[in-house]
Amino acid sequence: MLKYIFPEQASTFATRVDPMYYFLVIFSALVCVGIGGLIIYFAVRYRKIEGENRPSKALHSIALELTWTVIPGIGGIAIFAWGALLYNDFANAPEGALEIDVVGKQWMWKVQHANGMREVNDLHVPVGRPVKITMTSQDVLHDYYIPAFRVKHDVVPGKFTSIWFEATKTGEYHLFCAEYCGTEHSLMGGTVYVMEPEDYAQWLEGGPKTSPQESGQFLFEQRGCVTCHSGASGARGPNLMGVYGSTVTLGSGDEVVADEEYLRESIMQPALRVVDGFSPLMPSFSNQLTEEDVMDLVAYIKSLSAEEGAE
Ligand code: HEC
Ligand SMILES: [Cu+2]
């Protein structure tokens, strides 16, 4: 039973999230009991007693006011900074993390690894290596949750979200959907298998292999993306070489960093953010591509940047 209250710590986040969590619980409990206790004590101590005259005296002390403003103020900012630093690490996956795609649908998790190996519900990962999971949903709101790693994030239809973690112990851990998503919501989960890197490599070899990047390249040609994004100077669409991770200037003058979510949106709703110097003539592909297709196309576009960076 205790393991549900104190789940196993199996990632680098677990040992950082837990101290903060326990601190907040204990701190809040102390404040709650302290204030609640004083309220009861004062209510009894200064209750109305027949015949006793207790004039209410106004008390004003600058020193007291400052003390109870400044100390909790600093404390509050310290707690905020602690949380913000942790959140910042959680929100930004390190460079070179192993990339895995996850698509949620009622009621299963479809997983695709970098070499094309697929699995459903379960998730195999190597120990001691950062893993970045890019997620989207094919239907309703889901939520990918691995308690032992202390990572959890909404999986949103029409959008990419991501989590990352580095597992510290081999073993098997539960994963859940943590957002009520229909009748079989409670069955929407599986097991995370954390393996030695050699075992993971061996496991990866066991499946059909068209990598997301290769499928993406195929789709890029088959769906005619290449006609506008040929990379030639007079092409109708921008050159996609190196676009991932770069800062794109839009026609509105705004600048955006081209992350996975921006690439996704550029394919599904191209008119929302139009690149400076181009007309909004790219058709929307939102009715023609499955979420997995988009994942593949994004993987391919990302690979164009990796190659350029390597040159
Ligand atoms: C009819 C020509 C055309 C086709 C076909 C087309 N695009 Fe585009 N694409 C454009 C134009 C023009 C822009 C720039 C204007 C904009 O942002 O909408 C663009 C922008 C983009 C961007 C954003 C680029 C940047 O520099 O920020 C991405 C990513 C993209 N397209 C991917 C695709 C993919 C993937 C396909 C195929 C599924 C595709 N495009 C098909 C014309 C096209
Ligand atoms: Cu769900």
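The preceding data block contains the structure.
Attention in this report is confined to the structure presented alongside it. The model shown is predicted, which means the values in this text are computed figures rather than measured ones.

Now for the pattern of salt bridges. Evaluated as defined, the whole model comprises ten salt bridges. Across the pair Glu8 and Lys169 runs a salt bridge, and its minimum N-O distance is 3.0 Å. In this pair, Glu8 is assigned in the loop between helix H1 (2-5) and helix H2 (14-45) and Lys169 in the loop between strand S8 (161-166) and strand S9 (171-177), connecting sequence segments 161 residues apart. With relative accessibility at 34%, the residue Lys169 sits in the partly exposed group. Among the salt bridges present, the one from Glu291 reaches Arg264, with a minimum N-O distance of 2.7 Å. Of this pair, Glu291 sits in helix H8 (residues 291-310) while Arg264 sits in helix H7 (residues 260-268), and the two are 27 residues apart along the sequence. Accessibility assignment for this pair places Glu291 and Arg264 in one class, buried. One salt-bridge network, in which partners are shared between bridges, spans Glu99, Lys132, Glu260 and Lys302.

The next point concerns the site of ligand 1. Around ligand 1, a shell composed of 24 residues is seen, among which Cys225, Cys228, His229, Tyr262 and Met282 lie nearest. Take Tyr262: an N or O atom from its side chain is 2.5 Å from an oxygen atom of ligand 1. Contact between ligand 1 and Val275: an oxygen atom at 3.1 Å from a main-chain N or O atom of the residue. Taken atom by atom, the bulk of ligand 1 overlaps the second largest pocket. Contributions of two or more residues to the shell around ligand 1 are made by helix H6 (225-228) and H7.

Let us now look at the coordination of the iron atom of ligand 1. Four donors placed tetrahedrally around a metal ideally meet at 109.5 degrees, and six donors placed octahedrally ideally meet at 90 or 180 degrees. Binding of the iron atom of ligand 1 to the protein goes through His229 (NE2) and Met282 (SD), at separations of 2.0 to 2.1 Å. Looking at Met282, the relative accessible area reads 29%, which means it is partly exposed.

Right, let's talk about the sheet that holds S9 for a bit. Reading across the sheet, the five strands line up as S4-S10-S9-S6-S7 and stay open at both edges, with mixed pairing between neighbours. Either end of the sheet is taken by a strand with one partner, and the two such strands are strand S4 (123-126) and strand S7 (151-155). This sheet shows a mean twist of 20 degrees between the axes of neighbouring strands, independent of strand direction. The sheet contact formed by S9 and strand S10 (residues 189-195) spans six bridges and is antiparallel. Each residue of the ladder has a partner; that of Phe176, found in S10, is Gly189. On top of the sheet, helix H4 (residues 197-204) reaches S4 and S10; it is set at about 135 degrees to S4, its chief contact.

For the copper ion (ligand 2), every protein donor is listed as His142 (ND1), Cys177 (SG), Cys181 (SG) and Met188 (SD), and the spread of their distances is 2.0 to 2.7 Å. Coordination geometry of the copper ion (ligand 2): the four donor atoms subtend angles of 90 to 126 degrees at the metal centre, consistent with an arrangement described as tetrahedral. All donors of the copper ion (ligand 2) belong to a single chain; written as a sequence motif, their spacing is H-x34-C-x3-C-x6-M. One end of the pair, His142, is in strand S6 (residues 142-146); the other, Cys181, is in the loop between S9 and S10, with 39 residues separating them in the sequence. In this structure, His142 and Cys181 share a single accessibility class: buried.

Take the packing of aromatic side chains next. For any pair of aromatic rings, the description consists of the separation of the ring centres together with the inter-plane angle of the planes. Evaluated as defined, the whole model comprises 14 aromatic pairs. Measuring from ring centre to ring centre gives 5.0 Å for Phe13 and Trp164, while their planes differ by 65 degrees; the resulting arrangement is edge-to-face. One end of the pair, Phe13, is in the loop between H1 and H2; the other, Trp164, is in strand S8, with 151 residues separating them in the sequence. For the pair shown, Phe13 and Trp164 are each scored as buried. Relative to Phe176, the ring of Tyr145 has its centre 6.4 Å away and its plane inclined at 40 degrees; by these criteria the two rings are tilted. Of the two residues, Tyr145 is situated in strand S6 and Phe176 in strand S9; the sequence distance between them amounts to 31 residues. We classify Tyr145 as partly exposed; its relative accessible area is 27%. These aromatic residues form a ring-pair network of at least three members: Phe13, Tyr87, Phe90 and Trp164. In this structure, Lys152 is placed above the aromatic ring of Tyr145, and the distance from its NZ or CZ to the ring centre is 4.9 Å.

This brings us to the layout of surface pockets. Estimates place the volume of the largest pocket at around 1200 Å³. Where the lining of the largest pocket is concerned, the elements lending two or more residues are helix H3 (62-91), strand S1 (98-105), strand S5 (130-137), S8, helix H5 (212-222), H7 and H8. Broken down by element, the residue count for the lining of the largest pocket peaks at six residues, all from H8. Considering only residue class, the lining of the largest pocket consists of 19 nonpolar, twelve polar and nine charged. Counting contributing residues, the lining of the largest pocket receives three or more from each of domain 1 (98-204) and domain 2 (212-310). Forming the walls of the second largest pocket are 34 residues, and the residues nearest its centre are His229, Pro238, Leu240, Val275 and Met282. Residue assignment for the lining of the second largest pocket shows that the elements contributing at least two residues are H6, strand S11 (247-249), H7 and H8. Ranked by residues supplied to the lining of the second largest pocket, first place goes to H7 with four residues.

Reading the values: the criteria
Residues numbered from 1 in each chain as written. Chains lettered and ligands numbered in written order. Predicted model: local features only at pLDDT ≥ 70, side-chain atom pairs only at ≥ 80, totals over all residues. Heavy atoms only, no water. Salt bridge = Lys/Arg side-chain N within 4 Å of Asp/Glu carboxyl O. Helix = DSSP H or I, 4+ residues; strand = E, 2+ residues; numbered from the N terminus. Buried < 20%, exposed > 50% of the residue type's maximum accessible area, 1.4 Å probe, protein only. Near = heavy atom within 4 Å. Polar contact = N/O pair within 3.5 Å; in protein donor to acceptor, adjacent residues only side chain to side chain. 1 Å grid on protein atoms, 1.4 Å probe; cavity = no way out; pocket = protein on both sides within 12 Å on 5 of 7 lines; lining within 4 Å. Sits in = over half its atoms within 2 Å of the grid points. Donors = N, O, S within 2.8 Å, 3.2 Å for Na, K, Ca; no water. Pairing = 2+ DSSP bridges. Axes fitted to C-alpha atoms, helices over the stretch in contact; angles between N-to-C directions. Contact = heavy atoms within 4.5 Å. Tetrahedral: all angles 85-135°; square planar, octahedral: opposite > 155°, others 65-115°. Phe/Tyr/Trp six-rings, centres within 6.5 Å; stacked < 30°, edge-to-face > 60°. Lys NZ or Arg CZ within 6 Å of the ring centre and 35° of its normal. Points joined across faces, edges and corners; volume = space filled by probe spheres on them. Nonpolar A, V, L, I, M, F, W, Y, C, P; charged D, E, K, R; others polar. Domains from an automatic or database assignment.

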